[in-house]
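# Working through the structure, step by step
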Amino acid sequence: MALQLGILISGNGSNLQAIVDAIAAGKLDATVKLVVSSRVDAFGLKRAERAGIPTLTISRELYDTDPLAADTIIANALHSAGVDYVAMAGYMRMVRAPMLSSFPNRIVNLHPALLPSFRGAHAIADAYNAGVKVTGVTVHFADEHYDRGPIIAQRAVPVAEGCTIAELENDIHAVEHELYPSTLQLIAQGRVRVGDDGRVHIS
Ligand code: GRF
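Let me begin by describing the structure that accompanies this report. Everything numeric here is computed off the predicted structure, so don't read it as measured data.

With that settled, the discussion passes to the pairing of strand β2 (residues 30-37). Counted residue by residue, β2 has 6 buried out of 8 residues, so it is predominantly covered. By the bridge criterion, 7 bridges tie strand β1 (residues 3-9) to β2 in an arrangement that is parallel. Within β2, the residue paired with Ile-7 across the bridge is Val-35. The parallel pair β1 and β2, bridged by helix α1 (residues 14-24), forms a crossover whose chirality is right-handed. Pairing analysis gives 3 bridges linking β2 to strand β3 (residues 55-57), with the strands arranged parallel. Its bridge partner being in β3, Ser-37 is matched across the sheet by Thr-57. Note that the unit made of β2, helix α2 (residues 43-50) and β3 has a crossover that is right-handed.

Looking at the element boundaries, Asp-71 is found in helix α4 (residues 67-80). Although Asp-71 lies buried, it forms no salt bridge, and the closest oppositely charged side chain, Arg-96, sits 5.3 Å away as judged by the N-O distance. Among all residues touching Asp-71, those that are not within four sequence positions of it are Tyr-91, Met-94, Val-95, Arg-96, Pro-98 and Met-99.

Attention now goes to the sheet that holds β2. Spatial strand order, β3-β2-β1-β4-β5-β6-β7: 7 strands in an open sheet with mixed pairing. Each of the sheet's edge strands pairs with one partner strand only, and the pair in question is β3 and β7 (151-158). Neighbour to neighbour, the strand axes of the sheet diverge by 20° on average, direction disregarded. Bridge count between strand β6 (residues 134-141) and β7: 7 bridges; the pairing is antiparallel. In the strand pairing of β7, Val-137 is matched with Arg-155. Contacts from α2 reach β1, β2 and β3 within the one sheet, and its direction differs from that of β3 by about 160°. Across the sheet, α4 is in contact with β1, β2, β3 and β4 (85-88); its angle to β2 comes to roughly 155°.

Reading the values: rules and limits
- Residues numbered from 1 in each chain as written.
- Predicted model: local features only at pLDDT ≥ 70, side-chain atom pairs only at ≥ 80, totals over all residues.
- Heavy atoms only, no water.
- Buried < 20%, exposed > 50% of the residue type's maximum accessible area, 1.4 Å probe, protein only.
- Helix = DSSP H or I, 4+ residues; strand = E, 2+ residues; numbered from the N terminus.
- Pairing = 2+ DSSP bridges.
- Right-handed = clockwise from strand over helix to strand, strands pointing away.
- Lys, Arg positive; Asp, Glu negative; His and termini not counted.
- Salt bridge = Lys/Arg side-chain N within 4 Å of Asp/Glu carboxyl O.
- Contact = heavy atoms within 4.5 Å.
- Axes fitted to C-alpha atoms, helices over the stretch in contact; angles between N-to-C directions.

Written out as structure tokens, the structure reads:
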């Protein structure tokens, strides 16, 4: 059966768009049931509305004063919408216990670097400023730590001589837009499993 996806965003939503487009193109066997935003002004909300996907926005005040209540509301809304798998796509908040226990090993995150290098919110700039010759993109399961959790897929992106940070960002995003939907398709096909060793195995 198709994945029933919930997508968590905070900003532009280009990866949400890539997922919606991959579904429309028949490359991803999924339906996006709900988009949740941590910001009222996220452009991704407009993309969701354009695609006819219901949305929920959580206020900054709630995240700041009671993050567990925020995650309880999100988890309940996702369940009510019939979601069975959650994809974070540029979501700038942690997922906490109410989300992790509601969707065990069913929340995936996208990170614009080759984890475990360059964790955090400025991964592309951090890699660029470190002068690495290769960086990349990681898709991993979310857990209670930021940018940790079992790695599902990675793809390298070379840092060409003389390239600007804007060019590197473009290259990273282009890879994300391909890697995230194709990794979700592996999940939709039931080919992704977390082993007893804590590593992801793909059949
Ligand atoms: C992506 O680079 C993702 O890896 C990072 O935030 C960015 C989100 O971009 N976590 P978008 O909102 O999907 O356009």
